[in-house]
Amino acid sequence: MKISTKLAQIGNRQDPTGAISFPIYHSATFAHPGFEQSTGFDYSRTKNPTRQVLENAIADLEEGTRGYAFSSGMGAITTILALFSQGDHLLVTEDPYGGTYRILQEVFQDFGLETSFVDTSDLEAIRKAIKPNTKSVFVETPTNPLMKIADLRGISTICQENNLLHIVDNTFLTPYLQKPLTLGADMVIHSGTKYLGGHNDVVSGLVVVKGEELAARFGRLQNTLGATLGPQDSWLMIRGMKTLALRMKAQEENAHKIAQWLLNHPAITKVYYPGLKDHPGNELQLQQAKGFGAMISFRVKDRELIPKILSSLKTISYAESLGGVESLITYPATQTHGDIPEEVRENLGVDRSLLRLSVGIEDVEDLIDDLEQAFNK
Ligand SMILES: Cc1ncc(COP(=O)(O)O)c(C=O)c1O
């Protein structure tokens, strides 16, 4: 079955009532039919029917063994990090989502988890950074916000040779465009808040793992740590995901046009979009994914104009987050990446001239007109 069919059909033919839209099982607990008997559902933190539909759907879409839904992407990442122990060392993409950086540096470091941030678009840099206590490589690709592309097959080989857990944050592309588990990764994590949910109306996290042993271990952690997604939000995720294929296509098409337009604009000095022919990783991306997504970062020639640009936009909203049907623009230096120390951030290129655009499904001419009038204010 094709992925767009799978997406549209999530939850259908699964409820005994014949409901096309899978019901929201708003029950914290479930009665036992008899002594030491279970319907398969006992308590909603452990397992809830609506959440289960979502978890099965994401596992199927990512071609993994089992899926898990969390109350946020960070809830998912927290649970993943609980797989590790004091003294373990992780290799993480050097320009990750700021919250990933923050949780490693501010929380798990105190529990004795050591992290090195590396350029995961450079396989040699990954090899060199491996230490005797390294346990995992945690990759974002494309990176956020500089859109660097990591070679997922290459990283998987390194991980297999060194017995490392290969984790991929697939938020920017979703299984519609990229399936890391089929390229050798062990775990995929999503901020479901973004493209999967797609409507800026629900915060959620999703994880898919490969292999029964890891699935059982991670399932135990999900239940034990308890950052699970509620039934109402699980339903919103299911509803949003049904249109993922249509949204992704429309958003990507708009993004290509906007990236091209930005490239020729005198107010812009650099455009970061993996779909541009001269973007490093453009070819690699085509070998490991079906497309480039709809996230664009760009540098404004005169950074002093940024406050004016952000406050002049009329259609594109100046707001955190990404992936929804409404276009959003972010200033990574103070928003998504504000927790990365300034010096580190500037060295990475996430400086005060950079803006990040999440392209929505609006008419592309309206988006371009909006940017044009804001650049000319
Ligand atoms: C790539 C990426 N991963 C993880 C997260 C965290 O997800 P959430 O905000 O749903 O907790 C985000 C949030 O922006 C993100 O962009």
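A brief structural summary. This one's a predicted model, so the numbers in the text were calculated from it and none came from an experiment.

1. Points about the site of the ligand
Right, on to step 1. As a structural note, the neighbourhood of the ligand is formed by 13 residues, with S72, G73, M74, Y97 and S191 the closest of them.
Right, on to step 2. Looking at side-chain class alone, the shell around the ligand contains three nonpolar, eight polar and two charged residues.

2. Topic: the environment of G98
Right, on to step 1. Its location among the elements puts G98 in helix α4 (residues 98-108).
Right, on to step 2. Sequence separation between G98 and A333 is 235 residues, and the spatial gap between their C-alpha atoms is 9.8 Å.
Right, on to step 3. Not counting residues within four places of it along the chain, the set of residues in contact with G98 comprises T336, H337, G338, D339 and I340.

3. Notes on the packing of helix α10 (residues 244-263) against helix α14 (residues 364-375)
Right, on to step 1. Between α10 and α14, whose axes approach to 10 Å, the crossing angle comes to 30 degrees. As judged from the angle between their axes, α10 and α14 are roughly parallel. Of the two elements, α10 crosses α14, and the hand of that crossing is right-handed. In this structure, α10 contributes N254, K257, I258 and W261 to the contact, and α14 contributes V364, L367 and I368.
Right, on to step 2. Residue composition of the contact of α10 with α14, grouped by class: five nonpolar, one polar and one charged.

4. Some words on the packing of helix α2 (residues 49-62) against helix α9 (residues 231-241)
Right, on to step 1. Where α2 contacts α9, the axes come no closer than 8 Å and their chain directions differ by 40 degrees. Classed by the angle they form, the pair α2 and α9 counts as oblique. Of the two elements, α2 crosses α9, and the hand of that crossing is left-handed. For the pair formed by α2 and α9, the contact residues are T50, R51, V53, L54 and A57 on the first element and P231, S234, W235, M237, I238 and M241 on the second.
Right, on to step 2. Tallied by class, residues from the contact of α2 with α9 come to eight nonpolar, two polar and one charged.

5. A closer look at the sheet that holds strand β11 (residues 328-330)
As a general point, the strands of a sheet are linked pairwise by backbone hydrogen bonds and lie either parallel or antiparallel.
Right, on to step 1. Reading across the sheet, the five strands line up as β8-β9-β12-β11-β10 and stay open at both edges, with mixed pairing between neighbours. At either margin of the open sheet sits one strand with a lone partner, and together these are β8 (268-272) and β10 (317-318).
Right, on to step 2. Here strand β9 (residues 295-300) runs beside strand β12 (residues 354-358); their pairing, made up of five bridges, is antiparallel. Across the sheet, M295 pairs through a bridge with S358, a residue of β12.
Right, on to step 3. Sheet contacts for α10: β8 and β9; angle to β9, the most-contacted strand, approximately 15 degrees.

6. Brief notes about helix α3 (residues 73-81)
Right, on to step 1. Among the nine residues in α3, seven count as buried, and that is most of the element.
Right, on to step 2. Buried residues of α3: G73, G75, A76, I77, T79, I80 and L81, and no others.
Right, on to step 3. Tucked inside the fold, the buried residues of α3 contact β1 (66-70), α4, β5 (165-169), β6 (187-191), β7 (205-209) and α8 (212-225).

7. Section: the sheet that holds β1
Right, on to step 1. Taking strand neighbours across the sheet as the criterion, the seven strands line up as β1-β7-β6-β5-β4-β2-β3 in an open arrangement whose pairing is mixed. The open sheet has two free edges, formed respectively by β1 and β3 (114-118), since each of these has just one partner strand. Direction aside, the axes of adjacent strands within the sheet are offset by 20 degrees on average.
Right, on to step 2. With four bridges joining them, strand β2 (residues 89-93) and strand β4 (residues 134-140) adopt parallel strand pairing. By the bridge assignment, V92 is partnered in β4 with F138.
Right, on to step 3. Sitting on the sheet, α3 is in contact with β1, β5, β6 and β7, with an inclination near 40 degrees to β7.

The rules we used
Residues numbered from 1 in each chain as written. Predicted model: local features only at pLDDT ≥ 70, side-chain atom pairs only at ≥ 80, totals over all residues. Near = placed C-beta within 6 Å. Nonpolar A, V, L, I, M, F, W, Y, C, P; charged D, E, K, R; others polar. Helix = DSSP H or I, 4+ residues; strand = E, 2+ residues; numbered from the N terminus. Contact = placed C-beta atoms within 7 Å. Axes fitted to C-alpha atoms, helices over the stretch in contact; angles between N-to-C directions. Parallel < 35°, antiparallel > 145°, perpendicular 65-115°, else oblique. Left-handed = near helix turned anticlockwise from the far one by under 90°. Pairing = 2+ DSSP bridges. Buried ≥ 20, exposed ≤ 12 C-beta atoms within 10 Å, placed from the backbone.

Just distances and angles here, no functional claims.
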